[in-house]
Amino acid sequence: MDSYEVLIIGGGVSGAALFYQLACRTDVSRIGLVEKHSSLAAVNSHARSNSQTLHCGDIETNYTLEKAIKVKAGADKVVKYAETQPDCDRILFRCPKMVLGVGPTEASFLRQRFTTFREHYPHMRLLEREQIAEIEPAVALVDGKPRPEEIVALGSVDQYSAVDFRALTKSFIHNATNVEGKVTEVHLETKVLAIVQNVDGFTVTTNKGELRAKAVVVSAGAHSLYLAQQMGYGMEYSTLPVAGSFYYTPKVLNGKVYTIQDDRLPFAAIHGDPDVIKEGVTRWGPTALVLPKLERYIGGTTTEFFKTFHLGVAAVMLRMLKHPTIRAYLIRNVLFEVPGIRRRLFLKDAHKIVPSLKLEDLTFAKGIGGIRPQVVDRAKKIMLLGEAKINPGTGILFNMTPSPGATSCLDNAEKDAALVLEFLSR
Ligand SMILES: Cc1cc2nc3c(=O)[nH]c(=O)nc-3n(C[C@H](O)[C@H](O)[C@H](O)COP(=O)(O)OP(=O)(O)OC[C@H]3O[C@@H](n4cnc5c(N)ncnc54)[C@H](O)[C@@H]3O)c2cc1C
């Protein structure tokens, strides 16, 4: 039976970042990582599943200044890491990015935001119509003439804005498994079935036998809560899985163009951007569709969803449905999946970014888009935004990682490594 000081469950970007952190930046000498799929980053950390954005907080209008600064610190760690890697140009991508305000209310909101945010974001620029037209002609012009509405944007021109989180995952694993004098092992196609705590650590039962570890960190995406609840932890939470679909058009944008978040809605507004793994297209989305599954386009996760289901989730859904704006938004997002009408409906939203887009340009991106495992507080019947961690204080941690979990991977890995080291030193 293999035995480790620390065993990590989940080979997405979160698990890989911790694997790297422990192997390359601490003196922990025996580390294992298990992943149930046959390749790394096969679920939400795959470039086809997420929006590929390095969230810095400058163009995400759903973030407060406090949250934006926190997220930026995590993003800076990813940049600092990737810049030292020989394959940096396969991990991080420079491109223009902006959040677009359309109409006087949104324009004045962005002008105001610029005054508050600029000192924390030295590269941030307030972009007027002419500058938007230089960077993104399709946003500012229709048939070569200015679009009729007032437009303003906040953004930057040549910062690292896009990430292939799968390439980042592979880079972490490559570095961790090449540290001399340490045991750093990756077990693919190894599904964790149960975790049991003993007097001197944990026994982890997998489809390929048992593994032992003094400490365990579960970074299994939507399955983290499922595994926690098997051990009786995190019973105060449930998962609300929100799938995000995408659409493609031929390339009309040079960089990322986000729209302003309607703060009555719990999910980020759509954006358009280049796809880091598919050349010559602009990718649009993500939509927001509640689905009873823990992993999208992968069979067998509906039963697992219902094992973590609680009436508190239904209460959260009912509360959202009572709110007319949220109800309309959720229904619209269901319709974004219905062949025959979905393209026409989505086109209306995409027109806010590129007014000249045509229906024949738009195709539904089949098999693209992951599931955000939003965490629901059962007792308070509210949906928590962002990541959550369960730390029972017994040497095991569980990470739940909706967006911007991938951007925060190194920041979170540092926190987990500190908790693990503290536990191992007891
Ligand atoms: C539509 C969408 C858009 C997003 N856009 C962005 C974005 O632009 N920027 C950003 O920062 N974040 C974004 N996110 C969030 C981001 O994708 C996640 O935060 C991140 O990928 C989470 O990484 P992870 O390693 O925690 O989880 P995952 O990548 O899901 O990895 C978990 C791993 O655990 C494995 N696993 C599960 N159960 C078991 C088991 N029993 N045994 C063994 N292995 C197991 C899975 O197979 C999987 O490989 C987006 C998410 C979605 C869905």
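Residues numbered from 1 in each chain as written. Predicted model: local features only at pLDDT ≥ 70, side-chain atom pairs only at ≥ 80, totals over all residues.

**Student:** When you look at the sheet that holds strand β19 (residues 289-290) in this model, what are you seeing that I'm missing?
**Tutor:** Strand pairing in a sheet takes place through backbone hydrogen bonds and is either antiparallel or parallel in direction. Reading across the sheet, the four strands line up as β19-β14-β21-β22 and stay open at both edges, with antiparallel pairing between neighbours. Of all strands in the sheet, those with a lone pairing partner are β19 and β22 (382-384), marking the two edges. The pairing of strand β14 (residues 237-243) with β19 spans two bridges and is antiparallel. Pairing of Val242 across the sheet is with Val290, part of β19. (Pairing = 2+ DSSP bridges. Helix = DSSP H or I, 4+ residues; strand = E, 2+ residues; numbered from the N terminus.)

**Student:** Can you walk me through the site of the ligand in this structure?
**Tutor:** Among the 43 residues in the neighbourhood of the ligand, the closest are listed as Gly10, Gly12, Gly221, Gly244 and Gly405. Residue assignment for the shell around the ligand shows that the elements contributing at least two residues are α1 (13-25) and β21 (371-377). Tallying contributions element by element places α1 first for the shell around the ligand, with three residues. When grouped by side-chain class, the residues that make up the shell around the ligand number 14 nonpolar, 25 polar and four charged. (Near = placed C-beta within 6 Å. Nonpolar A, V, L, I, M, F, W, Y, C, P; charged D, E, K, R; others polar.)

**Student:** Could you clarify how one ought to interpret helix α13 (residues 409-424) in this entry?
**Tutor:** In an α-helix, one turn spans 3.6 residues; hence positions three or four apart end up facing the same way. The end-to-end C-alpha separation of α13 is 22 Å, in line with the 22 Å expected for 16 residues at 1.5 Å each. Taken together, the buried positions of α13 are Cys409, Leu410, Asp411, Asn412, Ala413, Asp416, Ala417 and Val420. Where α13 is buried, its residues touch β1 (2-9), α1, α2 (65-82), β13 (209-218) and β24 (396-400). (Expected span 1.5 Å × (residues − 1). Buried ≥ 20, exposed ≤ 12 C-beta atoms within 10 Å, placed from the backbone. Contact = placed C-beta atoms within 7 Å.)

**Student:** Is there a simple way to explain α1 in this structure?
**Tutor:** With 13 residues, α1 ought to run about 18 Å at 1.5 Å a step, and its terminal C-alpha atoms sit 17 Å apart, in line with that. Here α1 lies mainly inside the structure; 11 of its 13 residues are buried. Within α1, the full set of buried residues consists of Val13, Ser14, Gly15, Ala16, Ala17, Leu18, Phe19, Tyr20, Gln21, Leu22 and Ala23.

**Student:** Explain the packing of α1 against helix α7 (residues 165-176) to me, please; I cannot follow it from the model alone.
**Tutor:** Packed helices, taken two at a time, are described by the angle between their axes plus the distance between the axes. It is at 8 Å that the axes of α1 and α7 come closest, and there the two elements cross at 25°. Comparing the axis directions of α1 and α7 gives the class roughly parallel. As for how α1 packs across α7, the hand of that crossing is left-handed. Residues Val13, Ala16, Ala17, Phe19, Tyr20, Ala23 and Cys24 of α1 touch α7, and the partners they reach there are Phe165, Leu168, Thr169, Phe172, Ile173, Asn175 and Ala176. Split into classes, the residues belonging to the contact of α1 with α7 amount to 12 nonpolar, two polar and no charged. (Axes fitted to C-alpha atoms, helices over the stretch in contact; angles between N-to-C directions. Parallel < 35°, antiparallel > 145°, perpendicular 65-115°, else oblique. Left-handed = near helix turned anticlockwise from the far one by under 90°.)

**Student:** Hey, could you run me through the sheet that holds strand β16 (residues 256-259) in this one?
**Tutor:** Judged by pairing direction, the sheet is mixed, and its eight strands sit side by side in the order β5-β8-β4-β16-β17-β18-β15-β20 without closing on themselves. A strand with exactly one partner marks an edge of an open sheet, and here the two such strands are β5 (125-127) and β20 (363-364).

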